[in-house]
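So the chains spell out like this:
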Amino acid sequence: MTRRLLAALAVAMIPLFGEAITSAAPGGTSCASLAALTIPTVTIKSATAIAAGPFTPPSSAGSNTMTLPAFCRVEATARPTSDSDIRFEVWIPPADAWNGKLQGVGNGGYSGAIGYAAMAAALRRGYAVASTDTGHAGDDMKFGQGHPEKVIDWAYRSIHVMTEASKLVVRNAQGRFAERAYFVGCSTGGHQALSEAQRFPDDYDGIVAGDPANNRIRQTFAFLYAWVATHTGDGRPIIPANKLALLTKGAVDACDGLDGLKDGIIDDPRRCHFDPSKLACRGGADEASCLTSAQVDAARKMYEGVKNPRTGEPIYAGWPRGSEGFGQNAIQSWRQYVLDPAEPMRVDFFRYFLFHDPNWDYRTIDMDRDLAYAEQKLAFMSAVEKDLTPFKKRGGKLLMYTGWADPVVPPQDTVAYYDSVAKAMGGPEKTREFYRLFLAPGMGHCSGGPGPNQFDMLAALEQWVEKGVAPERVTASHVTNGKLDRTRPLCLYPQVARWKGTGSIDDAANFSCVTEAPTTPVRRTTAQR
Ligand SMILES: [Ca+2]
């Protein structure tokens, strides 16, 4: 009785102190006073109550004005080492709008920028949300020169320190810890997601890892390989941009029907063996409608992927058929990460992170010796640990997805990582108890593509973590010019979506998730024959 009375009085008194909008929560600390919070190695720069309405993030983020509900904005810097400068923000809804949960959001590329758009999306769902610039500003890699601790901050430490500090900030704002913590990221965010599950299993209850660039070192070697394979000795692209769509059309024409449905989508590129020589020009001509032998050769190398020159072993998966050029933007093709750059993408990894030589010549690469060196020197840059026992034991749930037409992170590497975890964790059944993979046919890098590519993995994960309902299928939508024109189920790997034979092929309800025979026939012993 007395406590209720005090609580009522406290609420009634708030306006007298002018804290009606600055208070994050009854029972918590007012927003403004969060600035006085002390967390080891963390400096809080500001804590500001933001009223509902338009909010413009700092100009360096290149973000537009967004319309947001009211929140408490906390800006902070973490310095886990003397060379660290990890900026992060925590946005906290008012108590009555808070869903009781915290969300950490991931980054893209080497992006030294806070992800305001992702923060906004989380805030609108009622989450308290945190994002970091990963410890440096800007997308280039020169920050690593002479700053090994900053490379570690980028690779995995920044997300962890952001997460630990954010939990305390939210606790002080609301008067209690968040009941659940989720991490959501794609691309580098997917790398960060897997890194968290592997390195810091206590950080998050649920994790969404999209199109993960977690096999970072090998992916960087693959970028170099791909650039050299697709450029002339003097650095000009061998395949012109306007022939990429031709390649995709050739691949789709050859493989669309393999899944039993001619719908413009290659369901599983592993089953597609389209050879670009099918598009070869006759008699050595170079025309817009066909490929020269050099162009055929370059495309083959992209599909094939980088191999160890000494042993012949694959180093990293090749790019999937269907990823060559399926849209207008450079990111919807091989252009952005392979053909357009004047030098191999991420060549500064070698210059500033690995060899400490700004003049290092990528043509001197030895894919055998240099890869071994990189994986010894910078092992922490990848997140490829197969044993996820600690994450599973603490009850963590991990949802991973990727686009089968991803032109940036070849999806076969993502599948290979999942399979390697399943093997290490006692098989597919035991792995599905805490870690599930969903493949999106015809989806590009994190979004876009001819296949359905919009879905809500976080909602599926919330059901799993909070209600124990593990996702079997997730409905994905395809939108053209703002109009929904197709839905399909994304199926729990290794299942695939198959049309039931009746009804619209643009309606997910008419599809079942089924198990098909493996792509590689199982070898039988003589006795079994
Ligand atoms: Ca098809």
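On a predicted model such as this, the values are computed, not experimentally measured, just so you know. (Residues numbered from 1 in each chain as written. Predicted model: local features only at pLDDT ≥ 70, side-chain atom pairs only at ≥ 80, totals over all residues. Heavy atoms only, no water.)

Asker: Would you mind going over helix H5 (residues 216-229) with me for this structure?
Answerer: For an α-helix the count is 3.6 residues per turn, leaving residues at separations of three or four pointing the same way. A rise of 1.5 Å per residue sets the reference length of H5, with its 14 residues, at 20 Å; its end C-alpha atoms lie 20 Å apart and thus fit the reference within 8%. When you tally the buried positions in H5, you get 12 out of 14 residues, the bulk of the element. Taken as a whole, H5 has its buried residues at Arg216, Ile217, Gln219, Thr220, Phe221, Ala222, Phe223, Leu224, Tyr225, Ala226, Trp227 and Ala229. Where the residues of H5 are buried, they touch helix H3 (148-174), helix H4 (188-199), helix H7 (293-304), helix H8 (335-339), helix H9 (348-354) and helix H10 (369-377). (Helix = DSSP H or I, 4+ residues; strand = E, 2+ residues; numbered from the N terminus. Expected span 1.5 Å × (residues − 1). Buried < 20%, exposed > 50% of the residue type's maximum accessible area, 1.4 Å probe, protein only. Contact = heavy atoms within 4.5 Å.)

Asker: Looking at this structure, I do not really get the pairing of strand E13 (residues 483-491). What am I missing?
Answerer: A regular strand carries its side chains on alternate faces of the sheet. In the sheet, strand E12 (residues 473-480) pairs with E13 via eight bridges, with the strands oriented antiparallel. From the neighbouring strand, Ser477 faces E13, where its bridge partner is Thr487. The turn joining E12 and E13, which pair antiparallel and follow one another in sequence, is formed by two residues; a positive phi near 50 degrees is taken by Asn481. (Pairing = 2+ DSSP bridges.)

Asker: Please clarify how the coordination of the calcium ion should be interpreted in this entry.
Answerer: For a metal bound by four donors in a tetrahedral arrangement, the ideal donor-metal-donor angle is 109.5 degrees, while six donors in an octahedral arrangement ideally sit at 90 or 180 degrees. Ligation of the calcium ion by protein atoms is provided by Asp256 (O), Asp256 (OD), Asp259 (OD), Asp259 (OD), Leu261 (O), Asp263 (OD) and Ile265 (O), these donors lying 2.3 to 2.7 Å from the ion. Along the chain, the residues donating to the calcium ion are arranged with the sequence spacing D-x2-D-x1-L-x1-D-x1-I. The buried category is assigned to Asp256, whose relative accessible area is 6%. Accessibility expressed as a relative area gives 11% for Asp259, which makes it buried. (Donors = N, O, S within 2.8 Å, 3.2 Å for Na, K, Ca; no water.)

Asker: Would you take a moment to explain the pattern of salt bridges for this structure?
Answerer: As a working rule, side chains carrying opposite charge can pair if their charged atoms are close by. With the rule as written, the count across this model stands at 34 salt bridges. Here Arg157 ties to Glu149 by a salt bridge, and the two come within 2.7 Å at their closest N and O atoms. Residue classification places Glu149 among the partly exposed residues on the basis of a relative accessible area of 31%. The residue Glu429 makes a salt bridge to Arg432 at a minimum N-O spacing of 2.7 Å. With Glu429 and Arg432 both in helix H13 (residues 428-432), this residue pair falls three residues apart, about one helical turn. (Salt bridge = Lys/Arg side-chain N within 4 Å of Asp/Glu carboxyl O.)

Asker: Help me understand the state of the cysteines, please; the structure alone is not making it clear to me.
Answerer: By definition, a disulfide links the sulfur atoms of two cysteines through a covalent bond. Following the criterion strictly, the structure yields five disulfides and no others. Between the sulfur atoms of Cys281 and its disulfide mate Cys290 the distance is 1.9 Å. The sign of the S-S torsion, about 100 degrees, decides the handedness of the disulfide formed by Cys281 and Cys290: right-handed. Disulfides within the protein chain link the bonded cysteines, taken in sequence order, as 1-2, 3-8, 4-5, 6-7, 9-10. (Disulfide = S-S within 2.5 Å.)

Asker: How should I be thinking about the packing of aromatic side chains in this particular structure?
Answerer: In this structure the tally under the stated criterion is 26 aromatic pairs. The interplanar angle of 70 degrees and the centroid separation of 5.7 Å between the aromatic rings of Tyr303 and Trp334 together place this pair among those described as edge-to-face. Note that Tyr303 is positioned in helix H7 and Trp334 in the loop between H7 and H8, a separation of 31 residues in sequence. With respect to burial, Tyr303 and Trp334 carry one shared label: buried. Put simply, the rings of Tyr110, Phe143, Trp154, Phe221, Phe349, Phe350, Phe353, Phe355, Trp360 and Tyr373 touch in pairs and so form one group of aromatic residues. The cationic tip of Arg171 hangs over the ring face of Phe177; the distance from NZ or CZ to the ring centre is 5.9 Å. Stacked on the ring of Trp464, the Lys or Arg Arg436 has its end atom at 5.4 Å from the ring centre. (Phe/Tyr/Trp six-rings, centres within 6.5 Å; stacked < 30°, edge-to-face > 60°. Lys NZ or Arg CZ within 6 Å of the ring centre and 35° of its normal.)

Asker: Can you walk me through the sheet that holds strand E11 (residues 435-440) in this structure?
Answerer: Hydrogen bonds along the backbone pair up the strands of a sheet, which may run parallel or antiparallel. What the nine strands build is an open sheet, ordered E1-E4-E5-E7-E6-E8-E9-E10-E11; its pairing is mixed. The sheet is open, and its two edges are formed by strand E1 (42-50) and E11, each paired on a single side. In this sheet, neighbouring strand axes are inclined to one another by 15 degrees on average, regardless of whether the strands run parallel or antiparallel. Here strand E9 (residues 206-210) runs beside strand E10 (residues 397-403); their pairing, made up of five bridges, is parallel. The residue bridging Ile207 from the neighbouring strand is Leu398, located in E10. Sheet strands touched by H3: E1, strand E4 (71-78), strand E5 (86-92), strand E6 (101-105), strand E7 (128-132) and strand E8 (180-186). Its angle to E5, the strand with the most contacts, is close to 35 degrees. Packing against the sheet, helix H12 (residues 411-424) makes contact with E10 and E11, and its axis sits at approximately 160 degrees to E11. (Axes fitted to C-alpha atoms, helices over the stretch in contact; angles between N-to-C directions.)

Asker: Sorry if this is basic, but what is going on with the packing of H3 against H4 here?
Answerer: Viewed as axis vectors pointing N to C, H3 and H4 meet at an angle of 70 degrees, and their least axial separation amounts to 9 Å. What the angle tells us is that H3 and H4 run roughly perpendicular. On H4, the residues touching Trp154, Ala155, Tyr156, Ile159, His160 and Thr163 of H3 are Thr188, His191, Gln192, Ser195, Glu196 and Arg199. When the residues that make up the contact of H3 with H4 are grouped by side-chain class, the tally is four nonpolar, six polar and two charged. (Parallel < 35°, antiparallel > 145°, perpendicular 65-115°, else oblique. Nonpolar A, V, L, I, M, F, W, Y, C, P; charged D, E, K, R; others polar.)

Asker: Help me understand the nonpolar core in this model?
Answerer: Nonpolar side chains in soluble globular proteins tend to end up buried together. Grouped together as the largest cluster of nonpolar side chains are 58 residues, with contacts concentrated most on Phe221, Leu247, Trp334, Phe349, Phe353 and Met381. Listed by contribution, the elements that provide at least two residues to this core are H3, H5, helix H6 (244-255), H7, H8, H9 and H10. In this structure, Leu247 is in contact with Ile239, Phe274, Pro276, Leu279, Leu291, Ala299, Tyr303, Glu324 and Trp334, ignoring residues within four places of it in sequence. By size, the runner-up hydrophobic cluster in this structure holds 49 residues, among which are Ala165, Phe183, Leu437 and Leu439. (Core = buried A, V, L, I, M, F, W, Y, C linked by side-chain atoms within 4.5 Å.)

Asker: Just checking my understanding: could you explain the packing of H5 against H7 for this structure?
Answerer: Describing two packed helices takes the angle between their axes plus the distance from one axis to the other. As a packed pair, H5 and H7 sit with axes 9 Å apart at the nearest point and diverge in direction by 165 degrees. Compared by their axis directions, H5 and H7 come out roughly antiparallel. For the pair H5 and H7, the sense of crossing is right-handed. Residue-level contacts link Tyr225, Ala226 and Ala229 of H5 to Ala298, Lys301, Met302 and Glu304 of H7. When grouped by side-chain class, the residues that make up the contact of H5 with H7 number five nonpolar, no polar and two charged. (Left-handed = near helix turned anticlockwise from the far one by under 90°.)

Asker: Explain unusual backbone geometry to me, please; I cannot follow it from the model alone.
Answerer: Across the chain, the bulk of peptide bonds are trans and the bulk of non-glycine residues have phi less than zero. Residue Tyr493 is joined to Pro494 through a cis peptide bond whose omega torsion reads 10 degrees. Although it is not a glycine, Ser187 sits at a positive phi angle of roughly 70 degrees. The exposure class of Ser187 is buried, given its relative accessible area of 12%. Residue Cys446 is not a glycine yet carries a positive backbone phi of 70 degrees. Take Cys446: it is sitting in the loop between E11 and helix H14 (457-467).

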